[in-house]
Amino acid sequence: MCNNNTGDSRCISDILKVINILQCNAECPDQCLDTCDRGFLGNTVASLGLNTRPIMLYTCAGNGSPWTMPTTKENVDCTTPGVTCSSVFRVEKVDDNCATFRVLAANTDPTTSGTRPYVSTNSFFTMNLNCVCSLRCLQDTIVEGV
């Protein structure tokens, strides 16, 4: 079931708020399940240096495919050959039922891609969370420049 406009389905917004707080260096002293709203970044409370919980978004009309956005601010279509797009994002801000995301690009540097799979871009978008029916959290990581 997709989020609806009645305002009574806010779980996506609530989880994104938790992720945003964690990314702003909040810590959780409790051991939590390995879920999107786990109260700390990393494998344990003692994990140091991690600053991002990358996510993928799925919309109600996406037919099971993740939402994609260009990695640049140019006005391009992700279906155009040669255009670089990504389906991995970092939540930057959550206001009520809207969220602003930073597009993360795959790290192509072979010396760091194993430990830092994503790099920051200056491509952002804001989404009405009523359009999101699910999100997938990826492994917590370090993203430079955020």
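Parameters and conventions
- Residues numbered from 1 in each chain as written.
- Predicted model: local features only at pLDDT ≥ 70, side-chain atom pairs only at ≥ 80, totals over all residues.
- Heavy atoms only, no water.
- Phe/Tyr/Trp six-rings, centres within 6.5 Å; stacked < 30°, edge-to-face > 60°.
- Helix = DSSP H or I, 4+ residues; strand = E, 2+ residues; numbered from the N terminus.
- Core = buried A, V, L, I, M, F, W, Y, C linked by side-chain atoms within 4.5 Å.
- Buried < 20%, exposed > 50% of the residue type's maximum accessible area, 1.4 Å probe, protein only.
- Contact = heavy atoms within 4.5 Å.
- Salt bridge = Lys/Arg side-chain N within 4 Å of Asp/Glu carboxyl O.
- Disulfide = S-S within 2.5 Å.
- Pairing = 2+ DSSP bridges.

**Considerations on the packing of aromatic side chains**
This model, assessed by the stated rule, comprises three aromatic pairs. The interplanar angle of 55° and the centroid separation of 6.4 Å between the aromatic rings of Phe 89 and Phe 101 together place this pair among those described as tilted. Highlighted residues: Phe 89 in strand β4 (residues 88–95) and Phe 101 in strand β5 (residues 98–106), separated in sequence by twelve residues. Within the aromatic cluster, the residues linked to one another by ring pairs are Phe 89, Phe 101 and Phe 125.

**Overview of the nonpolar core**
In this structure, Leu 16, Ile 55, Leu 57, Phe 89, Phe 101, Phe 125 and Leu 129 are the most contacted members of the largest nonpolar core, which totals 17 residues. Sorting the residues of this core by element identifies α1 (11–23), β1 (55–59), β4, β5, β6 (118–128) and β7 (132–137) as the ones contributing at least two each. The contacts of Leu 16, once residues within four sequence positions are left out, are Ile 55, Val 91, Val 94, Ala 99, Phe 101, Leu 129 and Leu 135.

**Looking at the pattern of salt bridges**
Throughout the structure, instances matching the rule amount to five salt bridges. Between Asp 140 and Arg 53 there is a salt bridge; the shortest N-O distance is 2.8 Å. In this pair, Asp 140 sits in the segment after β7 while Arg 53 sits in the loop between α1 and β1, placing the two residues 87 residues apart along the sequence. In this structure Asp 140 comes out as buried when scored by relative accessible area, which is 7%. Within the structure, one salt-bridge network assembled from shared partners comprises Arg 90, Glu 92 and Arg 102.

**As for the state of the cysteines**
Joining two cysteines, a disulfide is a covalent bond between their sulfur atoms. Considering all chains together, one arrives at two disulfides under this definition. With a sulfur-sulfur separation of 2.1 Å, Cys 36 is cross-linked through a disulfide to Cys 137. Its torsion about the S-S bond being 130°, the disulfide of Cys 36 and Cys 137 is classed as right-handed. With Cys 36 in the loop between α1 and β1 and Cys 137 in strand β7, this pair connects stretches of sequence that are 101 residues apart. Here Cys 36 falls in the buried class, since its relative accessible area comes to 16%. The disulfide partner of Cys 78 is Cys 85, and the S-S distance across this bridge is 2.1 Å.

**Focus on unusual backbone geometry**
Positive phi, normally seen in glycine, also occurs at Asn 63, with a value near 50°. Among the secondary structure elements, Asn 63 is positioned in the loop between β1 and β2 (69–70). Classification of Asn 63 by relative accessible area gives exposed; the value is 77%. Its identity is not glycine, yet Asp 96 carries a phi of approximately 50°, on the positive side.

**Some thoughts on the side chain of Ser 87**
Structurally, the position occupied by Ser 87 is in the loop between β3 (85–86) and β4. Since its relative accessible area comes to 17%, Ser 87 is described here as buried. What Ser 87 contacts, discounting residues up to four positions off in sequence, is Ile 55, Met 56, Pro 66, Trp 67 and Thr 68.

**Observations regarding the pairing of β4**
Sheet topology places β4 next to β5; seven bridges connect them, and they run antiparallel. What sits directly across from Val 88, in β5, is Leu 104. Connecting β4 to the next strand, β5, in antiparallel fashion are two residues, including Asp 96 with a positive phi near 50°.

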